[in-house]
Amino acid sequence: EFYYRVSAEYSPSGNYFYDGLLFLINGQQVGQFQTESDGSSPWKVARYTVSPGETEFTWTYIKDGG
């Protein structure tokens with residue numbers, strides 16, 4: 001469980017992922033986080049279940065070419 005907040009460019013149609021954060025667990029993408037459709041950036045909570053043992057968590061910031 002963690003809290004996150006993202007402030008980046010948002011796709012007005014909601015059909016595209018321009019800028020934001022990707023979250024991976026053991027190399028597998030499990031989350032894609034971006035600014036809200038109204039342009040706000042509230043704090044939100046995300047919850048993922050992981051098995052006991054060694055686990056790698058990776059955040060990647062994605063920025064479009066524009």
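## Observations regarding the sheet that holds strand E5 (residues 57–62)
Taking strand neighbours across the sheet as the criterion, the three strands line up as E3-E2-E5 in an open arrangement whose pairing is antiparallel. Strands at the two margins of the open sheet, each flanked by one partner only, are strand E3 (28–33) and E5. When the angles between neighbouring strand axes are averaged without regard to direction, this sheet yields 25°. As paired strands, strand E2 (residues 20–25) and E5 are joined by six bridges and run antiparallel to one another. The residue of E5 that forms the bridge with Leu21 is Tyr61.

The rules behind each value
Residues numbered from 1 in each chain as written. Predicted model: local features only at pLDDT ≥ 70, side-chain atom pairs only at ≥ 80, totals over all residues. Heavy atoms only, no water. Pairing = 2+ DSSP bridges. Helix = DSSP H or I, 4+ residues; strand = E, 2+ residues; numbered from the N terminus. Axes fitted to C-alpha atoms, helices over the stretch in contact; angles between N-to-C directions.

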